[in-house]
Every structure is written in structure tokens, then in C-alpha cells.
Amino acid sequence: MIEIKDLHKNFDDLEVLKGVDLTIRPAEVISILGGSGSGKSTMLRCINGLEEISSGSVVVDGLDVTKKDELKAVRKKCATVFQQFDLYPHLKVIENITLAPVQVLGVSKTDATNKARALLESVGLGDKADVYPAQLSGGQKQRVGICRALAVGPDYILLDEVTSSLDPEMTAEVLEILKNLANDGMTMISVTHEIEFAREISNRIVFLDQGKILCDLPTADFFSADGGMADPRIAKFLSKMGTGS
Amino acid sequence: MPDLSAMLEHLPAFWGGFLVTAEISVLSIIGSFIVGLIVALMRVSEAKAARLFALCYVDVFRNIPFLVLIFFAYYGLPEVGVYIDAFWTGCLALSIAVGAYVTETLRAGIVNIDKGIIEVAKSFGFGRIKLYTKIILPIAITSSIRPLGSVFINLILTTSILSAITLGELTSASKIIASTTFRPFEVYVFLVIFYGALTFALSALIATWHKHLNRYNEV
Amino acid sequence: MYGDDGFTIFDLQLWAEGLGISAWVFITSSILGLLFGVLIGLIRYYRISVLGKILMLISEFLKNSPVLVQLFLVYFGIPALLMIDLSPVEAAIITLSGNTAAFIAVIVISSIDAIDKKQLEAARSFAMSEWQILKLIIYPQSLAFAMPMLVGLAINQLQVTSLVSVIGVVDLTRVGDIVNLRTFEPFIVWPVIGATYFVLAKMIGIAGSKLENRFNRYKRVTNI
């Protein structure tokens, strides 16, 4: 369980998060929606300590991210998939996936490689194990990014705008994989501004506006006329994104 | 008339000097790389004192002539009880002086790494040491092979200055040949061409190696 | 005087004279090097004759061999070949000018190459002469492009001037050598000499960045 309580985050004078409370239970798939500057990416980055929090608390399975020794354990539990893929350019696909298990978790190289091959196979990239990231398409890179996250056996997967750099066709291949993961009971927190993507994978939607949670509803309720849509700010956001229904 | 063929009989003497140049070059390349690597890590470290020290080091040694430094080391070290011969004095001075250029080259390699990649590694729980040894330094060093190569070629050319402290490297050996044969023009033309050819050959090798190590960037 | 311990007021005078010689060698060879370097670069750029290729080949060797060896070639080699006399200062200025010219020529060519070729085509289409194009279009832009490289080269060439002490020019480094051998105070002499070079290098750097700012004025984006 991830428990976020009264989370504040400032960048110098700019207050990006103004007291966020959120609890994420196992096997939930949560999408965090919001416009740019709403603080949604910052919130995600606070969960695994990529941003230092200004005040409040973030606790993952009883581990406090503000404590240095506990943060490392949190990072082993949460794996992130990034918008720009950010694969290690100097390592082959297979090495990208095995690096963290071998170096951080102390898994043997053979075990890590076997698992990585199985993961690549499962996302349809079994033949790309020995190429360098530069030779892959964006969709392929992101599928490797997902394998890299899964390889550490995480309890939580954090998705940071994972489809924003992809064209629709590639988005579909990535979405398919994530849906399967959700069905297998993986806990996922996805930050996105793509409403269709959120609607398809998540069972709960959190809408962030100017550093505060505006609403936190099951997906079906969020999109119903008397649910999230009732709030003019959300309705405006949805219509601007072109998917208001 | 200039006659370069007259140089042929002196090839063994050139060769002897060249071996010393080669030896001191290899040792100093290793030395300056180690110095440069350590100072580069200080240059990007979070400790302000380390950063300041690294900055001063680079600034000083890039703005003072090597000849001044080598005289300082040659005459100064015995004063403080360090008795090493011209060869090791040369290695030490070259390592420290060229280390400043290595520092700047590696620093550029480090700061040019995509920040996202470093964040990824952090998010996977990489500690500082693993982050540097597995991600940052491998990328920084492979992408810096070509500029580092230029720095090291310059180092090889700089070894000629060690002739000023009577070290018997290639330039010193040639000086002796020039004075015994009374053919200074031929000797020094030969030497310019020799150093030039050596530089071209090494540049070509480094370019190939750079391409090979950075093949992962090819789309 | 010889063998005396301790420094005298004459050492200060010697230092000042050495500084003057170093500055003279640096400034003269920089100006001559700039003139010849630009000339070589332009001859090569306009492909005037096979001369350009030969000059560039010589430039390559001057860039890629030790300046000290070039000094020996000019000071010992050329007089022996041509049966002439060269003073150490003359040999120093000839060598450093040639060496500087080699680097300048390469900077000139790369700076001209950095200019968008379409601009030159546009200028020709307006019937501008090659001289007008060179003066009004190539010169200002390539100078702005070349400035950082020229400043870097100047700082480097200042350090290179120290090598002329080896052929007997009484420059700053030679003064250091003389005073050091008399006083046996390497920990005072060499830091002072080193600091002098350091300050000169910084002065060149500051002057250079001022010039750079001037030449880069046209690049500033202003809000309209």
C-alpha cells in the first residue's frame, strides 16, 4: 500500500503540490489526470524519491521515502517506466533489462538473463535482445522500458506519461501490454494526459488541478455526467483533450 | 643540398630516443588519465570544496606553460626531499599538467549525459558508486575517446619539451645527431615529418576506435 | 653577482625585461601569424592554385609536430642550409608566426565553411562582387564564429612562447631559469614566473570575451 499524506512540494517559490492525500491499495490501477503544471508528474516522482518532498509524508508498505536507507528499499519495490524511454544507450537491450537485477538486487547473471529473455518474448521482442536501443522504434523502446521495470519484480509500477512520445499505433501496442499486466493484478500508478489511455487501463481516476486533488473516483463514475464531469474544470479539461463523452 | 637519406645510418639513435618517448608517453597517458578521472569526479561532485579545488587545478595547469612547470618540478622537488630522476619527474609533471585537460574532457562527457538516464538508474535503486561505474563513466568515457585522443596526442608532442631537462627522448637524441652530423636541417625536417606521421597514424586509429566504441549510437 | 644568494632589485628589472621580450614575441608572432594564416586560409578556400594544397599540407605538419622541434629547425637547420645568420629572437618570431599561421588557416577555413551557403548564393544573385561578399557577408559572420577559437589559440600560443627560452631568447622563462640557477630558490622563482603567465593568460581571456560579445551582437534576439 502507498500512503501519501498532506504532500507538499515547492520548487523555490513555486508551490507545485499543495497538500495531496492519496492511498493506493494493492492491485489497483490508478490514473492521475491533469493539465500540464497540475503537479501530476511531480507527485509520481515523489513516490520513489526522485523529487525530495517539502513536507507531508509518503510511505510505501511501511517504508518512509524521506529516510535514506528506507528509500532504497522503496526503489526496489517501485519500478518506473519513463516518457522518453531513457534506455541506457551504451547497453544492449538484454543488458538494459538485466542491469538493475544484477547490480542492485544481486540476482545471478544467468537468472536475470533468462528472465529478461522471457519478458522480451512476452512483449514480442524476443529477437531484439542483442541490439542497441538506438536501433529500435519508439514503441519497441517503450516495450523494453516496461520489461526493464518488470525485471526487478516490483510490487508497484509507476508509469510517467508512457505513451506521450508515441504515435497512435505504437500507443496501442504498449497499451495492450499494460492491460495484460493490470489483468494479472499488478498495482500501477499512471500519470497521463491521455484520457482514452486512462479510461482503458485504470479502475480509479484521480484528477489533479493546481497541486490539489480535485476528485478521486472509480473510472466509470469519473466519466459519468453526474460524477467527475459535473465539475466544470474537469469537463473543460476533457473537452479540451477532445474526448469528452 | 638537403639529403634526407643521410639520416638512414642514424636510425638506431633515433629509434633509441623514440623508445624513451614511447615509454614516457604511455606512462604519462595512464597517469594523466587517472589524475584527470579523479579530478573530473571532484569537478562534478556535490561537495563544494572538491569542486573548487578541481576548478582551481584545471585553471592553473591550463594557463601555465609546461616548461615552467617542468623547471619547477626538476629544481623544486629535490628541495623538498624528493629525489627522482628526469624520467620520473617528466612523467609526474606530464601526468599533472595533462590531467587538467583530461579533467575538462571527461567533465564535458559527464555533463552531456542525458539526465533522464541518470534518473532511471536512481529510480531503480542504484547507489552512487554503481551509478558511476555502470552508467555515467562508461558513457562519458566512450563518448570522449576522440577528444581524449587529441589530448593524448598533444601529450606525446609535449614530451619533446622534456629535452630541456636532459631527458634522452627523441628530441634530445636528435639534437645529438644534429650536432655530430652537422646536418641540423635534415635531422629536424625528418623529426617534424616523423612526429607528424605519428600523429596522423594515431588520430586515424583513435577515430576508428571511437567509432567502434560508439557503435551503439548508430540507428 | 654570480653565486650570490638572495634576490636583488635587478631581478625585478630582469623580470620586467623578460616580460617585455615574451610580450614582444607573442604580439609580433600573433599578428604575423594572423596575416599569413588568413592569407593561407583564403588561398585554400578560393582554390587559387595548387599552392593552397601545399600550404595546407605544411600547415598540417606544423600543427602536428612539437613547436620545440620547429624552433630547432628554424634556428639551427635553416641557417646551416642557407648559410645565413638568424638571431634567437628572429628565429623565435619566424617559428611562432608559422605555427600560429597553421592553426589560423584551419580556423579560417572552418569558420567560412560554417556560413550557410544559401546566403552566398543569395548575395551572388544580387550581383555582389566576390570581394563585397567576402567583406560584407563572410568576414563579419566568420569572425564571430572564429572568436572563441582565436582566443583559445592566443592563450595557447602565449604558453608556447616559453619554448623560445630553449634557443636562448631571454624571455620570462629564461629569466626564471637564470634567477633560479643563481638563487636556488625554485619555490619562489617558478611560482612567480608561473603566476605572471597565468595573469597574462587571464588578461587575454578577458579581452577575448569582450571582443566576442562585440562580434556576437547581431546574434542577440530582441523582443519586438
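By convention here, each chain's residues receive numbers from 1 onward along its written sequence. Here every chain gets a letter starting at A, and every ligand a number starting at 1, in the order they are written. Under the rules for a predicted model, residues below a pLDDT of 70 receive no local features and side-chain atom pairs below 80 are neither given nor counted, while totals for whole chains, interfaces and linings still include all residues.

### Structural notes on the overall build of chain B
Note the following rule: Under the DSSP-based scheme used, a helix requires at least four consecutive residues in state H or I and a strand at least two consecutive residues in state E, with every element numbered from the N terminus. Remark: C-beta atoms are placed from the backbone, and a residue is labelled buried if 20 or more other C-beta atoms sit within 10 Å of its own, exposed if 12 or fewer do, or partly exposed between those counts. Once C-beta atoms have been placed from the backbone, residue pairs whose C-beta atoms lie within 7 Å are recorded as contacts.
Looking only at helices and strands, chain B has nine helices and zero strands in total. Reading chain B from its N terminus to its C terminus gives the helix and strand order α-α-α-α-α-α-α-α-α. By its C-alpha atoms, chain B is 70 × 50 × 25 Å across when sized along the principal axes. A total of 219 residues make up chain B; the buried ones form 46% of that total. Residue pairs in contact within chain B that sit at least 24 positions apart in sequence constitute 77% of those at least 6 positions apart.

### Digging into the overall build of chain C
Of the regular secondary structure elements, chain C holds eight helices and zero strands. Ordering the α and β elements of chain C from the N terminus gives α-α-α-α-α-α-α-α. Along the first, second and third principal axes, the C-alpha set of chain C runs to 75 × 55 × 20 Å. Residue pairs in contact within chain C that sit at least 24 positions apart in sequence constitute 76% of those at least 6 positions apart.

### Remarks on the sheet that holds strand β9 (residues 204-209) of chain A
All names here are of chain A. Rules: At least two DSSP bridges between two strands are needed for those strands to be called paired. A fitted line through C-alpha atoms serves as each axis, taken over the contacting stretch for helices, and the angle formed by two N-to-C directions is quoted from 0 to 180°.
The strand order β6-β7-β8-β3-β9-β10 describes an open sheet built from six strands, whose pairing is mixed. The two strands at the open ends of the sheet, each matched to only one other strand, are β6 (78-81) and β10 (212-218). For this sheet, the mean angle separating the axes of adjacent strands, direction not counted, is 20 degrees. Of the strands in this sheet, β6 and β7 (156-160) touch helix α5 (residues 138-151), which is tilted by about 175 degrees from β6.

### Observations concerning the interface of chain A and chain B
The test is simple: Residue type decides the class: Asp, Glu, Lys and Arg count as charged, Ala, Val, Leu, Ile, Met, Phe, Trp, Tyr, Cys and Pro as nonpolar, and the leftover types, Gly among them, as polar.
Counting residues at the interface gives 21 residues for chain A, matched by 20 residues for chain B. Listed by contribution, the elements that provide at least two residues to the side of chain A that touches chain B are α2 (68-77), β6 and α3 (93-105) of chain A. At four residues, α3 of chain A tops the list of elements feeding residues into the side of chain A that touches chain B. The residue inventory of the side of chain A that touches chain B, partitioned by class, reads eleven nonpolar, six polar and four charged.

### A word on unusual backbone geometry
One non-glycine residue with positive phi stands out, namely F85 of chain A, at about 65 degrees. The backbone of F184 of chain C shows a phi angle near 50 degrees, a positive value even though the residue is not glycine. With respect to the helices and strands, the residue F184 of chain C is situated in the loop between α7 (172-183) and α8 (186-215). Classification of F184 of chain C as exposed rests on a count of 11 C-beta atoms within 10 Å.

### Some details on the nonpolar core
Selection rule: Here a nonpolar core is just a set of buried residues of the types Ala, Val, Leu, Ile, Met, Phe, Trp, Tyr and Cys, joined wherever their C-beta atoms sit within 7 Å.
C147 of chain A, I70 and Y188 of chain B together with L71 of chain C are the most contacted members of the largest nonpolar core, which has 166 residues in total. Per element, the largest residue contribution to this core is eleven residues, and it comes from helix α4 (residues 86-111) of chain B. Apart from the residues lying within four places of it in its own chain, the contact partners of C147 of chain A are I97, A116, L119, L120 and V123 of chain A. Of all hydrophobic cores here, the second largest spans 17 residues; its members include A102, A105, V106 and I112 of chain C.

### Here's the deal with the interface of chain C and chain B
The interface of chain C with chain B comprises 33 residues on the first partner and 30 residues on the second. Considering every element that reaches the side of chain C that touches chain B, the biggest residue donor is helix α3 (residues 67-82) of chain C, with ten residues. When its residues are assigned to classes, the side of chain C that touches chain B shows 20 nonpolar, eleven polar and two charged.

### Describing the sheet that holds strand β5 (residues 63-64) of chain A
All names here are of chain A. As summarised here, the arrangement of the four strands in space is β2-β1-β4-β5, forming an open sheet in which the pairing is antiparallel. Every other strand in the sheet has two partners, leaving β2 (14-24) and β5 as the edge strands with one partner each. In this structure, strand β1 (residues 2-11) lies alongside β2, joined through eight bridges in antiparallel fashion. Bridging across to β2, H8 finds its partner in K18. Relative to β1, helix α1 (residues 40-47) is tilted by about 120 degrees, and along the sheet it contacts β1, β2 and β4 (55-60).

### Digging into the environment of D6 of chain A
Residue and element names in this part refer to chain A. Relative to the helices and strands, D6 resides in strand β1. Here the alpha-carbon distance between D6 and R199, two residues 193 residues apart in the chain, equals 27 Å. In contact with D6, other than residues within four places in its own chain, are G19, D21 and G56.

### Remarks on the pairing of strand β8 (residues 187-191) of chain A
All names here are of chain A. Note the cut-off: Whether a crossover is right-handed depends on one test, that the path from the first strand over the helix to the second runs clockwise when the strands point away from the viewer.
The element β8 is largely enclosed, with a buried count of five among its five residues. Residues of β8 alternate between two faces, with T187, I189 and V191 on one and M188 and S190 on the opposite face, all of them buried. Of the pairings in the sheet, the one linking strand β3 (residues 29-33) to β8 comprises four bridges and is parallel in character. Paired with S31 across the strands is S190, a residue of β8. Between the parallel elements β7 and β8, the chain passes through helix α6 (residues 168-183) in a crossover that is right-handed.

### A short note on the packing of helix α1 (residues 9-45) of chain C against α7 of chain C
Residue and element names in this part refer to chain C. Filter applied, for reference: Oblique is the label for any angle not under 35 degrees, not over 145, and not in the 65 to 115 range, which are roughly parallel, roughly antiparallel and roughly perpendicular in turn.
Axis separation between α1 and α7 bottoms out at 7 Å; the angle between their running directions is 155 degrees. It follows from the interaxial angle that α1 and α7 lie roughly antiparallel. Mapping the contact onto sequence places D11, L14, W15, G18, L19 and S22 in α1 and L172, R174, V175 and V179 in α7. Taken together, the residues of the contact of α1 with α7 sort by class into six nonpolar, two polar and two charged.

### Digging into the arrangement of the chains
Ranked by contact count, the leading pair among the two pairs of chains in contact consists of chains B and C. Chain A shows no contact with chain C. Their nearest C-alpha atoms sit 26 Å apart.

### A few points about the confidence of the model for chain C
Residues and elements named next belong to chain C. Worth spelling out the cut-off: Every residue is assigned a pLDDT by the predictor, reflecting its confidence on a scale from 0 to 100.
Overall, the prediction assigns chain C a mean pLDDT of 90, with 95% of residues at 70 or greater. For chain C, per-element mean pLDDT is lowest for helix α5 (residues 117-125), which scores 84, and highest for helix α4 (residues 88-113), which scores 95. Across the assembled chains, the prediction reports ipTM 0.91 with pTM 0.86.

### Focus on the packing of helix α7 (residues 145-158) of chain B against helix α9 (residues 184-213) of chain B
Residue and element names in this part refer to chain B. Heads up, the rule is: Note: crossing handedness is left-handed where the near helix turns anticlockwise from the far helix by less than a right angle, and right-handed where it turns clockwise.
Interhelical geometry of α7 versus α9 gives an angle of 160 degrees and a closest axis separation of 9 Å. Of the possible angle classes, the one that applies to α7 and α9 is roughly antiparallel. Considering the relative orientation of α7 and α9, their crossing is right-handed. Here α7 contributes I145, R146, G149, I153 and L157 to the contact with α9, which in turn contributes Y195, T199, L202, S203, I206, A207, W209, H210 and L213. Considered class by class, the residues forming the contact of α7 with α9 number nine nonpolar, four polar and one charged.

### Describing α5 of chain C
Little of α5 of chain C is tucked away, with zero of its nine residues classed as buried. Directly after α5 of chain C, the chain includes A127 of chain C, whose backbone phi takes a positive value near 65 degrees.

### Concerning the pairing of β6 of chain A
Residues and elements named next belong to chain A. Both faces of β6 are covered, namely the face carrying C78 and T80 and the face carrying A79 and V81. Sheet topology places β6 next to β7; four bridges connect them, and they run parallel. Residue pairing across strands places V81 opposite L159, the latter belonging to β7.

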